[in-house]
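Residues per chain, in single letters:
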Amino acid sequence: MRFLMFREQRLLLLLVAALVISALACSPEAALQVGFYRATCPIAEDVVLAEMKLILMEDSTLLPSLLRMHYHDCFVQGCDGSIMLKSRKRKAERDALPNHSMRGYDAIERIKAQLETICPLTVSCADIIAIAARDAVYLSHGPWYEVETGRRDGNVTVAEYAENDLAPPDSNIVDVKTFFSVKSLNSKDIAVLFGCHSIGTSHCGSIRQRLYNFTGKMDQDPSLDPAYAAQLRKLCPPPGPGDADHGEGKTKVPMDPGSGYRFDLSYYRHVLATGGLFQSDGSLLKDPVTRDYIEKVANASSPDEYYADLAAAMVKMGRTDVLYGDLGEIRPTCGVFVD
Ligand code: HEM
């Protein structure tokens with residue numbers, strides 16, 4: 001009797017183990033791997049890094065945009081490179097409002113063209129974007145982390161998906177948590193990933209309402225630090241013709257003033273002290289988990305723990321709804337449909 005129970009328990013354990021293994025075999029964690037191109041295109045990551053170094057010399061403002069591109073790619077139908085596809089009959093993601101200010105498409109195409117000459121139809125656009133995002137962090141004095149690769153590219157792109165799946169800058173904490181939780185990212189991931197606003201700029205269009213017409217009564221957002229608001233009002237005068245949306249208008253302001261192109265902890269100090277550039281940045285102070293995290297990083301004496309968290313969160317975001325194995329495609333040009 002005891003023997004039978006033991007046997008049954010073992011069978012049950014094996015069954016559970018088999019289920020776990022088969023679940024893992026189908027999960028992106030199992031499908032993606034560090035060094036996926038080791039055998040098929042061993043210099044893939046070197047080619048991306050070399051091009052990113054050239055970009056740093058030619059136009060360093062492209063680095064933050066390429067980091068942002070990975071986020072915008074992953075949140076819209078998964079990290080599948082579909083952000084690169086150009087509009088055909090249907091308006092594509094890249095022409096959707098949240099992507100009006102996105103730059104760096106040509107840089108990704110240049111990298112892709114080089115890789116096509118070395119290892120044709122091998123490296124996906126989604127992976128190039130993920131590697132470029134890591135390199136953007138690294139070349140901005142942030143941490144180096146291992147990027148998982150093995151993603152394949154999607155061939156569907158719909159502007160409305162980008163409009164629905166990317167949170168607007170005036171999002172409150174409930175909205176932000178909703179947008180991220182549907183991508184399986186939790187409150188800590190949110191607080192960590194927002195640290196990417198440590199580098200780069202925003203067009204004035206994304207903050208004018210906050211500065212000049214917060215509740216429709218020509219007022220200013222009361223949660224914004226008055227001294228910071230005064231600085232922003234100088235940089236971003238009241239709306240004029242052509243400033244109607246996030247991407248229009250030429251003036252830009254740093255998201256992390258003082259260290260706008262250095263990937264460091266000062267974004268967190270800035271949010272804590274001023275409420276941050278966007279309402280969504282400031283919204284992190286309204287939730288106990290995200291607020292605790294912001295306070296912890298803002299007061300940290302070393303960036304090491306934050307950098308480790310960033311690496312983990314970027315890898316996690318990079319697994320969002322990926323295509324792998326026989327799914328999706330590898331196309332010769334990222335922006336052009338194969339059929
Ligand atoms: C609720 C979430 C988020 C919102 C509402 C948001 C919003 C924005 C907005 C409005 C801009 C300025 C665009 C412009 O006017 O040029 C921006 C820039 C940027 N965002 Fe975010 N963002 C979010 C999350 C993230 C995440 C998760 C990352 C990275 C993983 C990221 C990385 C960046 C970077 C690097 C820039 C600078 C781009 C440049 O300088 O060209 N953002 N974001």
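Computed from a predicted structure; not experimentally measured. (Residues numbered from 1 in each chain as written. Predicted model: local features only at pLDDT ≥ 70, side-chain atom pairs only at ≥ 80, totals over all residues. Heavy atoms only, no water.)

A.B. asks: With reference to specific residues and values, describe the site of the ligand.
C.D. replies: Taken together, 25 residues lie near the ligand, and P64, A167, H197, T201 and H203 sit nearest. In this structure, S101 approaches the ligand through a side-chain N or O atom, which is 3.3 Å from an oxygen atom. Between the ligand and H197, the relevant distance is 2.9 Å, taken from a nitrogen atom to a side-chain nitrogen or oxygen of the residue. Put simply, the ligand lies in the largest pocket. (Near = heavy atom within 4 Å. Polar contact = N/O pair within 3.5 Å; in protein donor to acceptor, adjacent residues only side chain to side chain. 1 Å grid on protein atoms, 1.4 Å probe; cavity = no way out; pocket = protein on both sides within 12 Å on 5 of 7 lines; lining within 4 Å. Sits in = over half its atoms within 2 Å of the grid points.)

A.B. asks: Explain the coordination of the iron atom of the ligand to me, and be specific about the residues and the numbers.
C.D. replies: Counting protein donors to the iron atom of the ligand gives just one, H197 (NE2), placed at 2.1 Å. Residue placement: H197 occurs in the loop between α9 (187–193) and β3 (201–203). (Donors = N, O, S within 2.8 Å, 3.2 Å for Na, K, Ca; no water. Helix = DSSP H or I, 4+ residues; strand = E, 2+ residues; numbered from the N terminus.)

A.B. asks: Tell me about empty space enclosed by the protein, and name the residues and values.
C.D. replies: In total, this model carries 1 cavity of 30 Å³ or more according to the counting rule given. Approximately 70 Å³ is the volume found for the largest cavity. In terms of residue class, the lining of the largest cavity is made up of 5 nonpolar, 2 polar and 2 charged. (Points joined across faces, edges and corners; volume = space filled by probe spheres on them. Nonpolar A, V, L, I, M, F, W, Y, C, P; charged D, E, K, R; others polar.)

A.B. asks: Can you break down the environment of G258 residue by residue, with the values?
C.D. replies: Assignment of secondary structure puts G258 in the loop between β4 (252–254) and α12 (266–274). Taking the C-alpha atoms as reference points, G258 and H270, 12 residues apart in sequence, are found 9.6 Å from one another.

A.B. asks: Can you explain the state of the cysteines? Please cite residues and give values.
C.D. replies: For the structure shown, the criterion picks out 4 disulfides. In this model C74 forms its disulfide with C79; the gap between the sulfur atoms is 2.2 Å. Its torsion about the S-S bond being 115 degrees, the disulfide of C74 and C79 is classed as right-handed. Each member of the pair C74 and C79 is classed as buried. Paired through a disulfide, C204 and C236 show a sulfur-sulfur distance of 2.1 Å. (Disulfide = S-S within 2.5 Å. Buried < 20%, exposed > 50% of the residue type's maximum accessible area, 1.4 Å probe, protein only.)

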